[in-house]
Amino acid sequence: MSQRKIRVAFVWPPGFLSAYSLPLPFAILKSQLDLDITEVRLFDCVLNHWNENSKELYLQLSNFQPDIVALSTWSPMFPESLAIFKKVKEQNPKCLTIIGGPHSSTYWKRTIECEPIDMILRGEAEFAFSRLIKNLYNDHKVENGVPGLVFKRNGEVISHPINYVDDLDEIAPPDFSFINLKEYNQLGYRWNSPPVNNAPLWITRGCPYRCQYCASPDLNGKVIRKHSIDYMIDHILDLYYNHDIRWFNIIDDNFTYDVKFAKEFCRRIIALNLPKLGFGTPNGIRMSRGDLELWSLMKQAGWKHLIVAPESGSQHTLDLMKKDLKLGIVEKKVSEIRKAGLKVHAFFIVGYPGETVADIKETFKLIIRCKFNFIFMANFHPLPGTPVYDQLVEEGKIPDGLLPQNFSDGLRSYTPENLKGFNFSLFFFKTHFMMLLTNPRNALYHIRVVIRQYPMRLILGKLSKTIKAAFNKEEVSSRYFDQAMNSQSQNIP
Ligand code: SF4
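Draft legend 1. Up close: the pattern of salt bridges. The tally for this structure, following the rule as stated, stands at 23 salt bridges. In this structure, the salt-bridge partner of Lys263 is Glu293, at a minimum N-O distance of 2.8 Å. Placement of the pair is Lys263 in helix 10 (residues 259–272) and Glu293 in helix 11 (residues 292–301), with a sequence separation of 30 residues. According to the relative accessible area criterion, Lys263 is buried, its value standing at 10%. The shortest N-O distance in the salt bridge between Glu331 and Arg369 comes to 3.1 Å. Of this pair, Glu331 sits in helix 13 (residues 328–339) while Arg369 sits in helix 14 (residues 357–370), and the two are 38 residues apart along the sequence. On the accessibility criterion, Glu331 (38% relative accessible area) is partly exposed. Connected through shared salt-bridge partners, Lys263, Glu264, Arg267, Asp291 and Glu293 make up one network.

Draft legend 2. Quick look at the environment of Ile98. By the secondary structure assignment, Ile98 is in strand 4 (residues 96–100). For Ile98, a relative accessible area of 2% gives the class buried. C-alpha of Ile98 to C-alpha of Val69: the two residues are 29 residues apart in sequence and 6.3 Å apart in space.

Draft legend 3. Broad picture of the site of the ligand. Close contacts around the ligand come from Cys207, Tyr209, Cys211, Tyr213, Cys214, Ser216, Pro217, Asp253 and Arg286, and that covers them all. Here the shell around the ligand is composed, by residue class, of six nonpolar, one polar and two charged.

Draft legend 4. The pairing of strand 6 (residues 149–153), seen in detail. As paired strands, strand 5 (residues 119–121) and strand 6 are joined by three bridges and run antiparallel to one another. By the bridge assignment, Ile120 is partnered in strand 6 with Val150. Relative to strand 7 (residues 156–159), strand 6 runs antiparallel, the two sharing four bridges. If you follow Arg153 over to strand 7, its bridge partner there is Glu156. Between strand 6 and strand 7, which follow one another and run antiparallel, lie two residues, and Asn154 among them has a positive phi close to 50 degrees.

Draft legend 5. Up close: the side chain of Ser314. In this fold, Ser314 is placed in the loop between strand 13 (305–311) and helix 12 (315–321). A polar contact of 3.1 Å, which involves the side chain of Ser314, links it to the backbone nitrogen of Thr317. Among all residues touching Ser314, those that are not within four sequence positions of it are Leu327, Asp359, Glu362 and Thr363.

Draft legend 6. Region of interest: the side chain of Arg7. Along the chain, Arg7 falls in strand 1 (residues 6–12). Within the structure, the side chain of Arg7 is placed 3.4 Å from the backbone oxygen of Phe64, a separation counted as a polar contact. Excluding anything up to four places from it in sequence, Arg7 contacts Glu39, Phe64, Gln65, Pro66, Asp67 and Ile68.

Draft legend 7. Geometry of the sheet that holds strand 8 (residues 198–201). Across the sheet, which stays open at both edges, the three strands sit in the order 8-11-12 with parallel pairing between neighbours. Each end of this open sheet is capped by a strand with a single partner; those strands are strand 8 and strand 12 (278–280). The sheet shows a mean angle of 25 degrees between the axes of neighbouring strands, direction not considered. Judged from the four bridges that link them, strand 8 and strand 11 (residues 247–250) form a sheet pairing that is parallel. When the bridges of strand 11 are listed, Ala199 appears paired with Phe248. Along the sheet, helix 9 (residues 229–243) makes contact with strand 8, strand 11 and strand 12, crossing strand 8 at roughly 165 degrees.

So, how was this worked out
Residues numbered from 1 in each chain as written. Predicted model: local features only at pLDDT ≥ 70, side-chain atom pairs only at ≥ 80, totals over all residues. Heavy atoms only, no water. Salt bridge = Lys/Arg side-chain N within 4 Å of Asp/Glu carboxyl O. Helix = DSSP H or I, 4+ residues; strand = E, 2+ residues; numbered from the N terminus. Buried < 20%, exposed > 50% of the residue type's maximum accessible area, 1.4 Å probe, protein only. Near = heavy atom within 4 Å. Nonpolar A, V, L, I, M, F, W, Y, C, P; charged D, E, K, R; others polar. Pairing = 2+ DSSP bridges. Polar contact = N/O pair within 3.5 Å; in protein donor to acceptor, adjacent residues only side chain to side chain. Contact = heavy atoms within 4.5 Å. Axes fitted to C-alpha atoms, helices over the stretch in contact; angles between N-to-C directions.

In short, shape yes, function no, at least from these values alone.
Here it is as structure tokens:
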């Protein structure tokens, strides 16, 4: 048995936008740890304005002397995350380095090749991580009984199967003080919600769909699992009264999948009668999973708008995506949601492999026909580990190891050959402009969404990149896994 507590350093790497993301995985993990045997500290590069070369980050890490450095990352931030691990290993080769999050969960076979990474925790790590620490504390083999663990032994890669927790109520609620939620709110953390104190809620996990561009079913499984409504109500009341939270963003991929459950949740929220309470589902909902009664209950519970995800106005593109959506229902569902008194926002992806200019024009037509109150139009990015990524690698259209530089700065990491002459940025401008022109009564709302839901610095940055791209036509920006793997870490003075 260890003489002292196991010291865990959670590192939130540079590159995350504080307006969209916060270190929620660490707030959840921290709550599951046995603090009698663990000392845990967060090293948040975003809040501290550290990059992978910041002297202060390594000074603070070295003062803490961690036994484990654990990092959660997405694909765009992977090179910086790797650079941090390299430096950590230079400081202390015995320190255990563990990575989690979507990139390493879905692209684990290549990620584990990276020298400074000792282990990957795939999928959901709540109980896996605390089990690993108990093993370490009790001098047992660190990997014993740890689901989702990938590690190397004598040159061989060993991977344990993922185990999804059936009863989500066994998981303690996230410790938001640990990740400085208040500071994130002050910095402008909103994720498609108004500028009031807000917190993410994770009520259901899993997705049974098969959209080829998405990693979610791999990350959280294909079976929908739910917290009980009683558990969520206690959590909401705690955040409302003790943390002044007035807006809750349900970050589930499929909150309304079980329509009966979603209705019951709304009824319980309405019965609480809490003043100034608002809700959002910023990752969107499946239009087919809901009816007028649900939309009306959501409105009464505090939703102001719903985000739907048609992704394309062309059935051809939707079929390529395996979106399992019949275009015919979109207009009917949009007017049903409006009937409940909610505004309707929509997600779209353009530049999908196999899509044609004619398909993109169909998307434009659908947007104008539906008179969406706001749209989010994103360039297609192949995400490592997703089915479409593997398909593009197999067809020789992208190298294995292509990493998107950024999901939301308006630049693309891949353009299909047949769309190379297409000016995507100009198309984005034109679509928003035509939305304003063809639906002038919504113009004020459209502009208000932009101003209220995003910090000004983000709007200006994004706008200037998109304008530049509109004039350059071909603005592609990507990085490569091999470059990240082979780059030398910089000496920190
Ligand atoms: S995009 Fe949404 S519906 Fe499709 S697989 Fe991902 S989480 Fe599921």
